[in-house]
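Each chain, written out:
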Amino acid sequence: MTEAPVLRIRGLNKSFGTNHVLRGIDLDVMAGDRIAILGASGSGKSTFLRCLNFMETPSSGEITLDGRVLGRPRPDGSRIYPEASLTAVRQRIGMVFQQFNLFPHMTTIGNVTEGLRTVQRKDRATAEARAMRELARVGLAEKAQEYPSRLSGGQKQRVAIARALALDPDLMLFDEPTSALDPELVGEVLGVIRSLADEGRTMLLVTHEVGFAYHFANRVIFMADGVIQEEGPPDAVLKGPQNPRTQAFLARHK
Ligand code: ADP
Ligand code: MG
């Protein structure tokens, strides 16, 4: 019996005006996959992740989560919209951003309980207990009452990871989670991501950290010109790339 993919992406296209950024992406994400996505700046990596939880509306294509179609072409074929509610999709697909995107006016625990309270309608005590578990997991239980402005970049990013995990998503998307960090803070965030991989979480990670991608991922994707140019196990794509574009990219990211 072949296993069904958690996420199935077919013919995904996205244009911004005349800028045709994604040009037909097909991908099956299997349970437990840790997929590293590499590509030059501007190649559409963020747009790809944002289309997966409908922060951007795809121009065409189909996205299926656990066998349920999230969006279909309209009758004129021009756009697709989520059929499941956006809120439901975003609970199941957690996202962590380069710039953390914490709510600055909320404490650490407030940031982590926000989705539990407003989206999952948990009572305060339940939400806070859950949030404390997630903060402990990322090593920040003692920062629960701090505001983001009092945290380092690495700590902010760990709070953002705890916030996403609190909703118990089926799939986690990381968009260059360490690119905004001082070099000495990168390790603590990669350590948390590594521990999630060890738990068997399904994850897509956009990164320029080629060395981390090699150890973290079971699959590596190289994107350019709006399509997946090369895809395979880390050894194949990172040590013996076939595509000249992948080769050139890796030569620049030693
Ligand atoms: P990457 O993450 O690989 O650096 P992006 O997905 O951010 O690439 O961007 C891909 C292209 O899409 C770029 O040309 C960028 O200018 C364009 N783009 C991204 N987001 C928007 C947007 N909201 N509006 C218009 N153009 C956008
Ligand atoms: Mg980006």
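So, here is what we can say about the structure in this document. Treat the numbers as computed from the prediction; the structure is a model and nothing was measured.

A closer look at the environment of Phe-16
Here's step 1: Mapped onto the elements of the fold, Phe-16 is located in strand 1 (residues 7–16).
Here's step 2: Taking the C-alpha atoms as reference points, Phe-16 and Met-30, 14 residues apart in sequence, are found 29 Å from one another.
Here's step 3: For Phe-16, the residues in contact, after removing those within four places along its chain, are Val-21, Thr-47 and Glu-56.

Some thoughts on the site of ligand 1
Here's step 1: If you check the shell around ligand 1, you find Phe-16, Asn-19, Val-21, Ala-40, Ser-41, Gly-42, Ser-43, Gly-44, Lys-45, Ser-46, Thr-47 and Glu-56 and nothing else.
Here's step 2: In isolation ligand 1 exposes 560 Å². Once the protein is present, 60% of that is buried.
Here's step 3: Taken together, the elements giving at least two residues each to the shell around ligand 1 come down to strand 2 (19–29) and helix 1 (45–52).
Here's step 4: The element contributing the most residues to the shell around ligand 1 is helix 1, with three residues.
Here's step 5: Among the residues making up the shell around ligand 1, the classes are represented as three nonpolar, seven polar and two charged.

Description of the side chain of Arg-201
Here's step 1: Within the secondary structure, Arg-201 sits in the loop between helix 6 (183–198) and strand 9 (202–206).
Here's step 2: Its relative accessible area of 14% is what places Arg-201 among the buried residues.
Here's step 3: In this structure the side chain of Arg-201 is engaged in a polar contact, spanning 3.5 Å, whose partner is the side chain of Asp-168.
Here's step 4: One polar contact links the side chain of Arg-201 to the main-chain carbonyl oxygen of Pro-169, over a distance of 3.1 Å.
Here's step 5: Ignoring anything within four residues of it in the chain, the contact list for Arg-201 reads Gly-32, Asp-33, Arg-34, Arg-137, Leu-165, Asp-168, Pro-169 and Leu-196.

A word on the packing of helix 3 (residues 108–118) against helix 5 (residues 153–166)
Each pair of packed helices can be described by the angle between their axes along with the distance between the axes.
Here's step 1: Contact geometry of helix 3 with helix 5 gives a least axis separation of 8 Å together with a crossing angle of 25°. In terms of axis orientation, helix 3 runs roughly parallel to helix 5. With respect to the hand of their crossing, helix 3 and helix 5 are arranged in right-handed fashion. Along the contact surface, helix 3 presents Thr-108, Asn-111, Val-112 and Leu-116, while helix 5 presents Val-159, Ala-162, Arg-163 and Ala-166.
Here's step 2: Of the residues belonging to the contact of helix 3 with helix 5, the class tally is five nonpolar, two polar and one charged.

Criteria and thresholds
- Residues numbered from 1 in each chain as written.
- Chains lettered and ligands numbered in written order.
- Predicted model: local features only at pLDDT ≥ 70, side-chain atom pairs only at ≥ 80, totals over all residues.
- Heavy atoms only, no water.
- Helix = DSSP H or I, 4+ residues; strand = E, 2+ residues; numbered from the N terminus.
- Contact = heavy atoms within 4.5 Å.
- Near = heavy atom within 4 Å.
- Areas by Shrake-Rupley, 256 points an atom, 1.4 Å probe, with all protein chains shown as cover.
- Nonpolar A, V, L, I, M, F, W, Y, C, P; charged D, E, K, R; others polar.
- Buried < 20%, exposed > 50% of the residue type's maximum accessible area, 1.4 Å probe, protein only.
- Polar contact = N/O pair within 3.5 Å; in protein donor to acceptor, adjacent residues only side chain to side chain.
- Axes fitted to C-alpha atoms, helices over the stretch in contact; angles between N-to-C directions.
- Parallel < 35°, antiparallel > 145°, perpendicular 65-115°, else oblique.
- Left-handed = near helix turned anticlockwise from the far one by under 90°.

Read these as geometric descriptors, not functional statements.
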